[in-house]
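# Summary of the model geometry
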Amino acid sequence: MTKVQCDSCKKEYELNEVNTGIEQINHDVERHYIECPECKKQYTSYYLNSEMKVLQHELRKMRGKLNTPKQRNKYTQIKSVLEAMNKELMNKYTGAKNE
């Protein structure tokens with residue numbers, strides 16, 4: 001398992017030991033985060049809105065069906081759109097690309 005270290009308290013722990021949570025930012029946007037089990041500092045994993053949930057659903061349906069270059073290309077395009085949308089929300093709500 002992956003070990004991570006909290007920037008705040010410097011405690012090192014396994015990634016599977018962290019708490020996860022979802023904070024409702026507004027009627028459409030959720031902030032997904034992990035939390036240090038020691039000091040409770042939160043680290044944003046990603047943001048998600050209703051449009052992104054639809055795209056995530058499309059990706060899930062496509063898994064296991066990526067047999068042709070066209071299917072793989074479509075999957076990659078949707079994934080890229082999701083990443084760009086997340087970066088946009090990260091910039092909007094945190095003022096940074098990553099925390």
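Right above here is the structure, for reference.
Below: a short report on this structure. Owing to the predicted nature of the structure, the values given are computational and were not obtained by experimental measurement. (Residues numbered from 1 in each chain as written. Predicted model: local features only at pLDDT ≥ 70, side-chain atom pairs only at ≥ 80, totals over all residues. Heavy atoms only, no water.)

Glancing now at the layout of surface pockets. Rolled over the atoms, a probe with the dimensions of a water molecule shows which regions are left empty. In this structure, the largest pocket occupies an estimated 270 Å³ of space. Forming the boundary of the largest pocket are 13 residues, of which Gln-56, Leu-59, Lys-79, Leu-82 and Glu-83 lie nearest the centre. Listing elements by their share of the lining of the largest pocket, those giving two or more residues are strand S5 (42-48), helix H1 (50-62) and helix H2 (69-94). In terms of residue count, the dominant contributor to the lining of the largest pocket is H2 (five residues). For the lining of the largest pocket, a count of residues per class yields seven nonpolar, two polar and four charged. (1 Å grid on protein atoms, 1.4 Å probe; cavity = no way out; pocket = protein on both sides within 12 Å on 5 of 7 lines; lining within 4 Å. Points joined across faces, edges and corners; volume = space filled by probe spheres on them. Helix = DSSP H or I, 4+ residues; strand = E, 2+ residues; numbered from the N terminus. Nonpolar A, V, L, I, M, F, W, Y, C, P; charged D, E, K, R; others polar.)

On to a positive patch on the surface. Positive charge collects at one region of the surface, where Lys-61, Lys-65, Lys-70 and Lys-74 lie side by side. Tracing the chain through its elements places Lys-65 in the loop between H1 and H2. Judged by its relative accessible area of 52%, Lys-65 falls in the exposed class. (Patch = residues over 30% accessible without salt bridge, like charges linked within 9 Å, V, L, I, M, F, W, Y side chains within 5 Å. Areas by Shrake-Rupley, 256 points an atom, 1.4 Å probe, with all protein chains shown as cover. Salt bridge = Lys/Arg side-chain N within 4 Å of Asp/Glu carboxyl O. Lys, Arg positive; Asp, Glu negative; His and termini not counted. Charge placed at Lys NZ, Arg CZ, Asp CG, Glu CD. Buried < 20%, exposed > 50% of the residue type's maximum accessible area, 1.4 Å probe, protein only.)

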